[in-house]
Amino acid sequence: MTAKSAKPDSKLIDDCFILDKDRLPHQAAIGILKARVHSITGTEQVPLAEACGRFLAEPIVSPRPIPAHDNAAVDGYAFASSDYDAAKGAAFRVIGEAAAGHPFQGSLLSGGAVRIFTGAVVPAGLDTVAMQEDVRVEEREGARWAAVPPGLKAGANRRLAGEDTQPGETLVAAGARLRPQDIASAAATGLGAVHCHAPLKVAVLSTGDEILRPGEAFVNGKVYDANAPMLHGLIRATGAEAVDLGVLPDTRESVVGALSEASDNFNVIVISGGASQGQEDHVVASIDALGKRHLWQIAIKPGRPMSFGQIGDCVVLGLPGNPVAVFVCFLMYVRPVLTRLAGGVWPEPTRFPVPAAFTQRKKLGRREFWRAKLIRKDSRLLVDKFARDGSGLISSLREADGFIEVAEDVDEIRIGDVVEFIPFSEFGLGHR
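Residues numbered from 1 in each chain as written. Predicted model: local features only at pLDDT ≥ 70, side-chain atom pairs only at ≥ 80, totals over all residues. Heavy atoms only, no water.

What about the side chain of H26?
By the element assignment, H26 lies in helix α1 (residues 26–36). On the basis of relative accessible area, H26 is assigned to the buried category, the value being 2%. There is a polar contact of 2.7 Å between the side chain of H26 and the side chain of Y333. Aside from chain neighbours lying at most four places away, what touches H26 is I298, I300, M332, Y333, R367, F369, E405 and E408. (Helix = DSSP H or I, 4+ residues; strand = E, 2+ residues; numbered from the N terminus. Buried < 20%, exposed > 50% of the residue type's maximum accessible area, 1.4 Å probe, protein only. Polar contact = N/O pair within 3.5 Å; in protein donor to acceptor, adjacent residues only side chain to side chain. Contact = heavy atoms within 4.5 Å.)

Structure representation (structure tokens):
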């Protein structure tokens, strides 16, 4: 089967990189991915109540000050500081009332005060609010008077218009993934809907004659497919839609046929297994036959045989077969690619400096991602490496709090060395 040609209005550049025969360093791989991918989805108006987790296509800009008016921070009495003696205090005749949603409608008198409740608009000409607990109210000749004690500063207990947000201020930038607090900011401007990118459609494929689907009867010599269910959860956590296309047998024809069909119906294909150089590994050769390959073989552990390419406008990401390697490659490479393709800003996880509670040697020339757990010892926060390194040990992912990222030029970590720790919460995966 021949390669699919890019359409005249293609969204992705399909020229090939010159691929080095040697394995790519981590940062070189990241550079290729950043250079090749950009937003490919359409946009749509999304009701605010349904927009959490979506990628914003247009910035949210405040059309007015927030709050729109000076308002009271407490229940009490509003007055003009020019009528008040901070050294002696003052008594004010109460001339009306203001509640939240019900502004004072009367006429202000010199020396007058307005009974006011939290959130109510402070009447024009008044600038200070005394808390009701500090005020003594008394009747004088049929009128109410509020005696305010000394010591109150001008402007006390008053929230200023625009104190939170100024007109024209960008509250949420385009490309942000909307969080509940961002939704609150949009709602405060009065927006009922926001302009978002449409979700990516991602196909999930597994390969291997040895693979059983969860729920099937166990057969000696075979293994259950842990990758596809895990990938579904990881993909959905990025805001994309995941569709399981099943397990492919180890034949060139089946892999080529499945990739060709899926590329016509999905924005992205994520396929696990069949990514190395074995006789029965057909993913890379199938990408080459149908489209273009931009990346293969990264100098990392685990996850070396990851591949990246495209078939027309469909991005293809080939992952290793072992679950730990799949997990690492997804978080470090696939997740940011899906985010960028979906209209988001390339996410860079924060690395936290934490002292090591272990000693471990490492091979130079490759970047490694060690599963690790945070511990406390003598009131200090330390990070401890998971004892076993096997890339098939799902238990290490379940028990870990995150990764220790170890650079190519490091050959040993000793107890007390400060390492770069990336908690899983940086990828939106929460805590154990």
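Topic: the sheet that holds strand β16 (residues 241–248)
Ordered in space as β16-β13-β17-β21-β20-β18, the six strands form an open sheet in which the pairing is mixed. The sheet terminates laterally at β16 and β18 (292–296), the two strands that pair on one side only. Between one strand and the next, the sheet's axes are offset by a mean angle of 20°, whatever the strand orientation. Sheet analysis places strand β20 (residues 307–311) next to strand β21 (residues 314–319), joined by five bridges and oriented antiparallel. The residue bridging Q310 from the neighbouring strand is V315, located in β21. Of the strands in this sheet, β18 and β20 are in contact with α1, which crosses β18 at around 150°. (Pairing = 2+ DSSP bridges. Axes fitted to C-alpha atoms, helices over the stretch in contact; angles between N-to-C directions.)

Observations concerning unusual backbone geometry
For the bond from I66 to P67, the omega torsion is -5°, close enough to zero to count as cis. Mapped onto the fold, P67 is located in the loop between β2 (60–61) and β3 (71–72). Between K301 and the following residue, P302, the backbone shows a cis peptide bond with an omega angle of -5°. Within the fold, P302 resides in the loop between β19 (300–301) and β20. With a phi close to 70°, Q297 is a non-glycine residue in the positive phi region. Inspection of the secondary structure puts Q297 in the loop between β18 and β19.

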